[in-house]
Amino acid sequence: MLQRLQRNARWPFVGLQLSNVASNFSHAFATVLYPWIMYDLTGSVVCMAVMAVLNSIVLLFGMAFGGYVAELLGVRYTALISAKVGTLTSLLIAALYTADFLSPSIFILLGLMSSILDGPATVATEAKIPEIARLSGMSLTDANSIDDVLDGFVLLTASAASAFIIAAIGSKDAAWWIAFCNFAAMVTLSFSLPKFRLRGAPRFRDVIAAGKQFRRLAASLPLALCASAALGFFMTLQIFLVPAALRLQGGSMAWLGIFIAASAVATIMMNLHLASRQHTPPPAAIVSRAFLGLALAMGMLWIEVSPATMMFSGFVAGLANGWLSPAFVAILQIKASRESKPYVMGFSYAVVLLFLPFEYMLTGAAIGLMSFRTTCILLMFLLSLAAAVSAAWLESIQND
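Residues numbered from 1 in each chain as written. Predicted model: local features only at pLDDT ≥ 70, side-chain atom pairs only at ≥ 80, totals over all residues. Heavy atoms only, no water.

## Structural notes on the layout of surface pockets
Empty space among the atoms becomes apparent when a probe as large as a water molecule is rolled across them.
Move 1: As a volume, the second largest pocket reaches approximately 390 Å³.
Move 2: Around the second largest pocket, the lining is made up of 18 residues, and of these A229, F291, E359, L382 and A386 lie nearest the centre.
Move 3: Going through the elements one at a time, helix 12 (221-249), helix 18 (356-369) and helix 19 (372-399) are the ones with two or more residues in the lining of the second largest pocket.
Move 4: In terms of residues, the lining of the second largest pocket owes the most to one element, helix 19, which gives 8 residues.
Move 5: When its residues are assigned to classes, the lining of the second largest pocket shows 15 nonpolar, 2 polar and 1 charged. (1 Å grid on protein atoms, 1.4 Å probe; cavity = no way out; pocket = protein on both sides within 12 Å on 5 of 7 lines; lining within 4 Å. Points joined across faces, edges and corners; volume = space filled by probe spheres on them. Helix = DSSP H or I, 4+ residues; strand = E, 2+ residues; numbered from the N terminus. Nonpolar A, V, L, I, M, F, W, Y, C, P; charged D, E, K, R; others polar.)

## Considerations on the environment of A386
Move 1: Along the chain, A386 turns up in helix 19.
Move 2: In this structure A386 comes out as partly exposed when scored by relative accessible area, which is 22%. (Buried < 20%, exposed > 50% of the residue type's maximum accessible area, 1.4 Å probe, protein only.)

## Quick notes on the environment of R205
Move 1: Relative to the helices and strands, R205 is located in helix 11 (residues 204-217).
Move 2: The exposure class of R205 is exposed, given its relative accessible area of 53%.
Move 3: With 137 residues separating them in the primary sequence, R205 and Y68 have C-alpha atoms 9.8 Å apart.

## Overview of the packing of helix 5 (residues 75-98) against helix 10 (residues 171-192)
Move 1: Between helix 5 and helix 10, whose axes approach to 8 Å, the crossing angle comes to 160°. With respect to their mutual orientation, helix 5 and helix 10 come out roughly antiparallel. Of the two elements, helix 5 crosses helix 10, and the hand of that crossing is left-handed.
Move 2: Tallied by class, residues from the contact of helix 5 with helix 10 come to 14 nonpolar, 7 polar and 3 charged. (Axes fitted to C-alpha atoms, helices over the stretch in contact; angles between N-to-C directions. Parallel < 35°, antiparallel > 145°, perpendicular 65-115°, else oblique. Left-handed = near helix turned anticlockwise from the far one by under 90°.)

## Concerning the nonpolar core
Nonpolar side chains tend toward joint burial in soluble globular proteins.
Move 1: Core analysis: the largest hydrophobic core is formed by 89 residues, its most contacted members being Y34, L237, F240, L241 and M298.
Move 2: Here the element with the most residues in this core is helix 12; it accounts for 16 residues.
Move 3: Ignoring sequence-local partners within four residues, the contact set of L237 consists of V242, P243, F259, A297, M298, L301 and A317.
Move 4: Residues F13, A83, A133 and M186 belong to the second largest nonpolar core, which totals 12 residues. (Core = buried A, V, L, I, M, F, W, Y, C linked by side-chain atoms within 4.5 Å. Contact = heavy atoms within 4.5 Å.)

## Points about a nonpolar patch on the surface
Move 1: Together, L369, M370, L378, F381, L382, L385 and V389 line one region of the surface with nonpolar side chains, adding up to about 650 Å² of accessible area.
Move 2: The element best represented in the nonpolar patch is helix 19, accounting for 5 residues.
Move 3: With respect to the helices and strands, the residue L382 is situated in helix 19. (Patch = residues over 30% accessible without salt bridge, like charges linked within 9 Å, V, L, I, M, F, W, Y side chains within 5 Å. Areas by Shrake-Rupley, 256 points an atom, 1.4 Å probe, with all protein chains shown as cover. Salt bridge = Lys/Arg side-chain N within 4 Å of Asp/Glu carboxyl O.)

## Section: helix 17 (residues 341-352)
Move 1: In a regular helix each residue adds 1.5 Å, so 12 residues correspond to 16 Å; helix 17 covers 17 Å between its end C-alpha atoms and thus fits that length.
Move 2: For helix 17, the tally of buried residues reaches 10 of 12 residues, placing the bulk of the element in the interior.
Move 3: Turning to helix 17, its buried residues number three or more, namely P342, Y343, V344, M345, G346, S348, Y349, A350, V351 and V352. (Expected span 1.5 Å × (residues − 1).)

Take a look at the structure:
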């Protein structure tokens, strides 16, 4: 059957999309489950934060230097090695966790190993979409549209689905789902990703040149940085803060599913609203309203941690996240030459994730040193301050 699919003219693109779906589901399960497992192993929110910080730093540097690594090792080799390492490490985590042999240090080590090539693999395959579309007999416009819609849909729905599934089947069974999804991604990728011609050995100064090119091509770097900070907190809220609150107060994993599902619905609604508008909101309004929406979401969690507040807080946070979409469209759709595209794309992804490690660190330290409710008050103040400062900064730049 795979041989027949390989002979299909569209198979390289179809196979890549199937691999991306399986990989995105694996990442969604891991993002929801692994912090939960770390708390089971340690009983410490700080340890949850340490794991999140380390993984986000590895991913950030992997994105920033992803183009260099992919050009050095080769696109197909980078993607396949990443898929194989992800499969092996998730299999080991599932086996050790099921047998009650998983320790926090081994868990962190395996987590870092699984994510070390995620950034380069993502940059490598995304940068080759035009060539894969050509080999599949598709127009680049159609290929990009399908890729964006499918990735967006899976990313918005997989996390919520994974939280409900984990609540239904338990953590240990869910750990095997991650290994299965990684294995499916590895198999489809190995049968679909073409062998690309290797270019000359990359030079490290190409990375520096790409950074300068990104800065020159970015429509508004201050807007990109402010939006990155807001998105980083939305991810911190969804991946770390809400799970930490549920573990501290004895909530169910299904409550996390309610939060994520509500945020996904709100994000889609806001994206549709913005798409129907004739004019893009001004940068200061984009950033300030996103920060204020996140502050309001934190206020709801401060009031109470319950299914109702999970739903309303997630919805408000999702509206704030969706409101940021014009900023990220400008960042992620930067045009670059074929030679520099992997490097510039890597910098684009890195800028999007730039503040994530710091925000994990800040929230983890705050909960560790204070209570969750006190942390909510602190974060509401900081988010409100960020809204005021970023709006004033962007307005002053616009007026100049």
